[in-house]
Amino acid sequence: MEVPVVEKTLRVTWGLPLNKRAYEEIGKLMVHILPLIDKVEIADREGAIIKLRMVAGQEEEIKKLRDRFLQINVWFEGEEDPEQIEMERLKRLYGKKGEA
């Protein structure tokens, strides 16, 4: 039985200037998605648009990973609201700062 492969567009953005934590989060994401990358449409100082080929379940793994990020935004284009993703990240970021 062949496992269905789906193509998704992953958007990643971050603020400038980049700090050490942002670089670490970008690295964690890249290690996770490198085997899934079909094409990098654009990558610059502020983010990336990456085409992924994945099987069922891998999308959820990326979403779970995203929940640990404080410096970068990660969402699936056309499926998720980037403003909501940004708000969730800011809540995590300011919640962490409030605990310190």
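Let us look at the structure shown here. (Residues numbered from 1 in each chain as written. Predicted model: local features only at pLDDT ≥ 70, side-chain atom pairs only at ≥ 80, totals over all residues. Heavy atoms only, no water.)

For the rest of this paragraph, the subject is the packing of helix α1 (residues 20-33) against helix α2 (residues 58-66). Between α1 and α2, the least distance of the axes is 11 Å, while the angle of their chain directions is 170 degrees. Between α1 and α2, the crossing angle belongs to the class labelled roughly antiparallel. Between α1 and α2, the contacting residues are K28, L29, H32 and I33 on the first element and E61, I62 and L65 on the second. Classifying every residue of the contact of α1 with α2 by side-chain character gives four nonpolar, one polar and two charged. (Axes fitted to C-alpha atoms, helices over the stretch in contact; angles between N-to-C directions. Helix = DSSP H or I, 4+ residues; strand = E, 2+ residues; numbered from the N terminus. Parallel < 35°, antiparallel > 145°, perpendicular 65-115°, else oblique. Contact = heavy atoms within 4.5 Å. Nonpolar A, V, L, I, M, F, W, Y, C, P; charged D, E, K, R; others polar.)

Our next topic: α2. Considered for burial, the residues of α2 that qualify are E59, I62, K63, L65 and R66. The arc that holds every buried residue of α2, seen down its axis, measures 160 degrees, which confines them to one face. (Buried < 20%, exposed > 50% of the residue type's maximum accessible area, 1.4 Å probe, protein only. Arc of directions from axis to C-beta.)

The sheet built from four strands is open, its strands ordered β2-β3-β1-β4 with antiparallel pairing. With one partner strand each, in any of the chains shown, β2 (37-44) and β4 (72-76) form the two edges of the open sheet. Here the strands of the sheet are splayed against their neighbours by 20 degrees on average, with no regard to which way each runs. As judged from the nine bridges shared by strand β1 (residues 5-14) and strand β3 (residues 47-55), these two strands associate in the antiparallel manner. (Pairing = 2+ DSSP bridges.)

Now for the nonpolar core. Judged by nonpolar contacts, the single largest core of 17 residues is most densely connected at L10, L29, L52, I62, I72 and V74. At the level of elements, β1, α1, β3, α2 and β4 are the ones that each hand at least two residues to this core. Top contributing element to this core by residue count: β3, with four residues. For L29, the contacting residues outside a window of four places in its chain are V12, I62, L65, F69, I72 and V74. (Core = buried A, V, L, I, M, F, W, Y, C linked by side-chain atoms within 4.5 Å.)

On to the environment of K8. Of note, K8 is situated in strand β1. A residue is classified by how much of its surface remains accessible, and K8, at 16% relative accessible area, is buried. K8 has contacts with I50, K51, L52, M54, E59, F76 and E79, leaving out every residue within four places of it along the chain. In terms of polar contacts, K8 uses its side chain to reach the side chain of E79, at 2.8 Å. (Polar contact = N/O pair within 3.5 Å; in protein donor to acceptor, adjacent residues only side chain to side chain.)

As a further point, take the pairing of β3. Looking at chain direction, β2 and β3 are connected through six bridges and run antiparallel. Residue pairing in the sheet places D44 in a bridge with G47 of β3.

Let us look at the pattern of salt bridges. What the rule picks out here adds up to 12 salt bridges. E24 is the partner of K20 in a salt bridge, and the nearest nitrogen-oxygen pair spans 3.9 Å. You can see K20 and its partner E24 sitting in helix α1, four residues apart, about one turn around the helix. Taking relative accessible area as the criterion, E24 reaches 37% and is therefore assigned partly exposed. Where E41 meets K51, a salt bridge forms, and the shortest distance between an N and an O atom there is 3.4 Å. One end of the pair, E41, is in strand β2; the other, K51, is in strand β3, with 10 residues separating them in the sequence. Each of K8, E59, E60, K63, R66, E79 and E80 takes part in salt bridges that share partners, so that together they form one network. (Salt bridge = Lys/Arg side-chain N within 4 Å of Asp/Glu carboxyl O.)

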